[in-house]
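The primary structure of each chain is shown beneath.
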Amino acid sequence: NHKNGLFVSFRNERSFGAFMQVSSPPMSKVHWLPEDARGEVLMVAISDHLEQILVYAWGSMAQVDDYESEVAGALRIIQFPDFSGIKRGVCWADLNDDQQDDCLVSDPDAGLINVYLSNAEGGWDLPLVFPSLTGVEELHVLDWGHTGDLEIFILSKDENQVGHAKWDQKRQTLTYPEKLLGLTKPLVMAAQPALSGTVPQTLVVLHEVEQGWAVSSIESDLEMKTQTFEGRLNGIPERLMAHDLDQDSLVDCILFTPYEPLICLRQTDDQSYE
């Protein structure tokens, strides 16, 4: 977010290169997108004053004219239900197996989950509405075992619990979430990505306990492994991100808390965190 534009650095196998300046207005958020059908890497940015969304395509100078001649795209908007809080659960996943992302969004005040299924026109149908917990702030969808059966995990701050629901693809229905026992006062959670096609995903939940705080890893059979840390956390954690920090093929966790230093949980060979 610099008055003179955006700075980009590309890396090779060993290090990052020098920063290159890209002329642009100041931006408040930037997201990189994977390669599209033409093999281009796209960057989507929200301008500093939230007045416009900008799309950049990375290419050589010889291709600049091709980009400038393309017709500008249009936004497709999903109207979420109103609510009185500041945070709600939103998650994207392919629920109807059409190779397009569908949207799950919580209605925290009403205790509902709205499921917007994608359609052939490139938009989304009217929502399917299912009862759920109140005050849902986080949603995660996992395909444990890579069988196509999707599990939805729901974190509710109001009810101090993490719920587990199942999506029936044929009937397009979502079960009412069952409470996962042992997760007292959950704060944030993250889905650990599978590092190979045969390794199932894991859900990681950070929660408060009497001794301080703890991290629980939940496997596909709903077995739970909990590690406790002494002391109290400073502030209220806002996000837990799973990422292989040291590139040792073990998934680590990064805890983001507003106005506090990052807490990095490194996974060791015995699957505990330090």
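Residues numbered from 1 in each chain as written. Predicted model: local features only at pLDDT ≥ 70, side-chain atom pairs only at ≥ 80, totals over all residues. Heavy atoms only, no water.

1. A closer look at the overall build of the protein chain
Part 1 of the argument: Check the secondary structure of the protein chain and you find one helix and 21 strands.
Part 2 of the argument: Per-residue burial for the protein chain yields a buried fraction of 38% across its 274 residues.
Part 3 of the argument: When the accessible area of the protein chain is evaluated, it comes to approximately 16,900 Å², of which 52% is carbon and sulfur surface. (Helix = DSSP H or I, 4+ residues; strand = E, 2+ residues; numbered from the N terminus. Buried < 20%, exposed > 50% of the residue type's maximum accessible area, 1.4 Å probe, protein only. Areas by Shrake-Rupley, 256 points an atom, 1.4 Å probe, with all protein chains shown as cover.)

2. Digging into the nonpolar core
Part 1 of the argument: Leu95, Val115, Leu139, Ile152 and Trp167 are the most contacted members of the largest nonpolar core, which totals 18 residues.
Part 2 of the argument: Counting residues per element, the ones that place at least two in this core are strand E6 (90-93), strand E8 (112-116), strand E10 (136-142), strand E11 (150-156) and strand E12 (161-168).
Part 3 of the argument: When near neighbours in sequence (up to four residues on either side) are disregarded, Leu139 contacts Gly89, Val90, Cys91, Leu104, Val105, Ser106, Ile113, Ile152, Phe153, Ile154 and Met189.
Part 4 of the argument: Ala190, Trp213, Phe229 and Leu233 belong to the second-largest nonpolar core, a separate cluster that totals 14 residues. (Core = buried A, V, L, I, M, F, W, Y, C linked by side-chain atoms within 4.5 Å. Contact = heavy atoms within 4.5 Å.)

3. With respect to the sheet that holds strand E7 (residues 102-107)
Part 1 of the argument: Taken in spatial order, the four strands line up as E6-E7-E8-E9 in an open sheet, and their pairing is antiparallel. Each edge of the sheet is formed by a strand with only one pairing partner; in this case those strands are E6 and strand E9 (128-131). With direction set aside, neighbouring strand axes in the sheet form an average angle of 20°.
Part 2 of the argument: In this structure, E8 lies alongside E9, joined through four bridges in antiparallel fashion. Looking at the pairing, Leu112 lines up with Pro131 of E9. (Pairing = 2+ DSSP bridges. Axes fitted to C-alpha atoms, helices over the stretch in contact; angles between N-to-C directions.)

4. Observations regarding the pairing of strand E15 (residues 186-192)
Part 1 of the argument: E15 sits mainly inside the fold: six of its seven residues count as buried.
Part 2 of the argument: Of the pairings in the sheet, the one linking E15 to strand E16 (residues 202-209) comprises six bridges and is antiparallel in character. Paired with Pro186 across the bridge in E16 is His207.

5. Focus on the side chain of Glu138
Part 1 of the argument: Residue position: Glu138 is located in strand E10.
Part 2 of the argument: Here Glu138 sits buried without a salt bridge, and the closest side chain of opposite charge, Lys87, lies 4.2 Å off (N-O distance).
Part 3 of the argument: Only 3.3 Å separates the side chain of Glu138 from the backbone nitrogen of Met189, close enough to count as a polar contact.
Part 4 of the argument: Excluding residues that lie within four positions of it along the chain, Glu138 makes contacts with Lys87, Gly89, Phe153, Ile154, Leu155, Leu187, Val188 and Met189. (Lys, Arg positive; Asp, Glu negative; His and termini not counted. Salt bridge = Lys/Arg side-chain N within 4 Å of Asp/Glu carboxyl O. Polar contact = N/O pair within 3.5 Å; in protein donor to acceptor, adjacent residues only side chain to side chain.)

6. Thoughts on the packing of aromatic side chains
Part 1 of the argument: Scanning the model with the defined rule gives four aromatic pairs in all.
Part 2 of the argument: Measuring from ring centre to ring centre gives 6.2 Å for Phe80 and Tyr116, while their planes differ by 40°; the resulting arrangement is tilted. Here Phe80 is found in the loop between helix H1 (64-69) and E6, whereas its partner Tyr116 is found in strand E8, with 36 residues between them in sequence.
Part 3 of the argument: In this structure Tyr116 comes out as buried when scored by relative accessible area, which is 6%.
Part 4 of the argument: Relative to Phe229, the ring of Trp213 has its centre 4.5 Å away and its plane inclined at 15°; by these criteria the two rings are stacked. Taken together, the residues Trp213 in strand E17 (residues 212-218) and Phe229 in strand E18 (residues 224-230) connect sequence positions 16 residues apart. Of the two residues examined, Trp213 and Phe229, each falls in the buried class.
Part 5 of the argument: Seen from the ring of Phe256, Arg239 lies directly overhead, with NZ or CZ sitting 5.7 Å from the centre. (Phe/Tyr/Trp six-rings, centres within 6.5 Å; stacked < 30°, edge-to-face > 60°. Lys NZ or Arg CZ within 6 Å of the ring centre and 35° of its normal.)

7. Quick word on the pattern of salt bridges
Part 1 of the argument: What the rule picks out here adds up to four salt bridges.
Part 2 of the argument: Arg266 is paired through a salt bridge with Asp246; the nearest N and O atoms lie 2.5 Å apart. With Arg266 in the segment after strand E21 (263-265) and Asp246 in the loop between strand E19 (239-243) and strand E20 (252-256), this pair connects stretches of sequence that are 20 residues apart.
Part 3 of the argument: Assessed through its relative accessible area of 31%, Asp246 is described here as partly exposed.

8. A word on the side chain of Asp244
Part 1 of the argument: Examined against the element boundaries, Asp244 turns out to sit in the loop between E19 and E20.
Part 2 of the argument: In this structure Asp244 is buried but unpaired, with Arg266 as the nearest side chain of opposite charge at 7.7 Å.
Part 3 of the argument: Only 3.0 Å separates the side chain of Asp244 from the backbone nitrogen of Gln247, close enough to count as a polar contact.
Part 4 of the argument: Not counting residues up to four positions away in its chain, the partners in contact with Asp244 are Ser249, Leu250 and Asp252.

9. Looking at a nonpolar patch on the surface
Part 1 of the argument: On the surface, Phe10, Met20 and Trp58 cluster together to form a nonpolar patch covering roughly 300 Å² of accessible area.
Part 2 of the argument: Relative to the helices and strands, Met20 is located in strand E2 (residues 20-22).
Part 3 of the argument: The partly exposed category is assigned to Met20, whose relative accessible area is 37%. (Patch = residues over 30% accessible without salt bridge, like charges linked within 9 Å, V, L, I, M, F, W, Y side chains within 5 Å.)

10. Observations concerning the sheet that holds strand E3 (residues 27-33)
Part 1 of the argument: Reading across the sheet, the three strands line up as E3-E4-E5 and stay open at both edges, with antiparallel pairing between neighbours. The open sheet has two edge strands, E3 and strand E5 (53-57), and neither has a second partner. Strand-to-strand twist in this sheet, taken as the mean axis angle between neighbours without regard to direction, amounts to 20°.
Part 2 of the argument: Bridging between strand E4 (residues 42-47) and E5 involves five bridges; their strand directions are antiparallel. Within the sheet, the bridge partner assigned to Ile46 lies in E5 and is Ile53.

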